[in-house]
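Overview (structure and organization)
Spelled out, the chains give:
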Amino acid sequence: MGKPKIRIATTSLAGCFGCHMSFLDIDERLLDLVEIAELDRSPLTDIKHCTDCDIAIVEGGVCNSENVHVLRELRRACKKLVSIGACAINGGIPALRNRYDLGDCLEEAFITGIGVTDPQVPGDPELPLLLDKVHPIHEVVKVDYFIPGCPPSGDTIWAVLTDLIEGREPVLPYELTHYD
Ligand code: SF4
């Protein structure tokens, strides 16, 4: 029997999916990855809940109650949790709303804003409640590794991922480290 495959979960919380697109930018190395790893819960699979995993990659900050729930589930299920991209690391662009009152934001978006035709703030209980502020994920769960960038490049993600898969402590070279 061959070695069991590394299990990797990924999720996007208050993110734009750009970090996932960058992950796919590893291009043909995806073929190397599927030889040694398999995806658990991820926007790239149809798995709804995370089972025991080796690595979780989290894009996006935490902006609503569902984000908190998903993030805690990933933390419980995974041995190593990686915070990827500016949004997960410091809230990123979505955290610009932290300067404003949440009620004012909702009013602008759904009541008084340009183009609003049916003014009402959505209140269906199916919808997750927004948090007052957008938070980086390390304010909610323990994070093991951070990969900066908006988004980090495919090469950067690959460097960290292969280090983790091969049991090395990731060291990001200067040329792969950026914050924009
Ligand atoms: S860090 Fe940038 S690319 Fe990644 S989710 Fe946030 S906005 Fe998108």
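The structure contained in this document is the topic of the report that follows. As the structure is a computational prediction, the values presented were derived from the model and not from experiment. (Residues numbered from 1 in each chain as written. Predicted model: local features only at pLDDT ≥ 70, side-chain atom pairs only at ≥ 80, totals over all residues. Heavy atoms only, no water.)

**Some thoughts on the nonpolar core**
Membership of the largest hydrophobic core comes to 19 residues, with the highest contact counts inside it found for I8, L33, I55, L161 and I165. Breaking this core down by element, the ones donating at least two residues are β1 (6-12), α1 (18-24), β3 (53-59), β5 (78-84), β7 (145-147) and α6 (154-165). Ranked by residue count, the leading element in this core is α6, at six residues. Residues A56, V70, L71 and A88 belong to the second largest nonpolar core, which totals 18 residues. (Core = buried A, V, L, I, M, F, W, Y, C linked by side-chain atoms within 4.5 Å. Buried < 20%, exposed > 50% of the residue type's maximum accessible area, 1.4 Å probe, protein only. Helix = DSSP H or I, 4+ residues; strand = E, 2+ residues; numbered from the N terminus.)

**Quick look at the packing of helix α2 (residues 29-36) against α6**
The contact between α2 and α6 brings their axes to 12 Å, and the two run at 20°. One finds that α2 runs roughly parallel with respect to α6. Considering only the axes of α2 and α6, their crossing is left-handed. Between α2 and α6, the contacting residues are R29, D32, L33 and I36 on the first element and D155, W158, L161 and I165 on the second. (Axes fitted to C-alpha atoms, helices over the stretch in contact; angles between N-to-C directions. Parallel < 35°, antiparallel > 145°, perpendicular 65-115°, else oblique. Left-handed = near helix turned anticlockwise from the far one by under 90°. Contact = heavy atoms within 4.5 Å.)

**With respect to the site of the ligand**
The environment of the ligand is formed by G15, C16, G18, C19, E59, G85, A86, C87, G149, C150 and P151. For the shell around the ligand, the elements supplying multiple residues, two or more each, are α1 and α4 (86-90). For the shell around the ligand, the class distribution of residues is six nonpolar, four polar and one charged. (Near = heavy atom within 4 Å. Nonpolar A, V, L, I, M, F, W, Y, C, P; charged D, E, K, R; others polar.)

**A short note on the side chain of S22**
By the secondary structure assignment, S22 is in helix α1. Among all residues touching S22, those that are not within four sequence positions of it are P151, P152, S153, G154 and I157.

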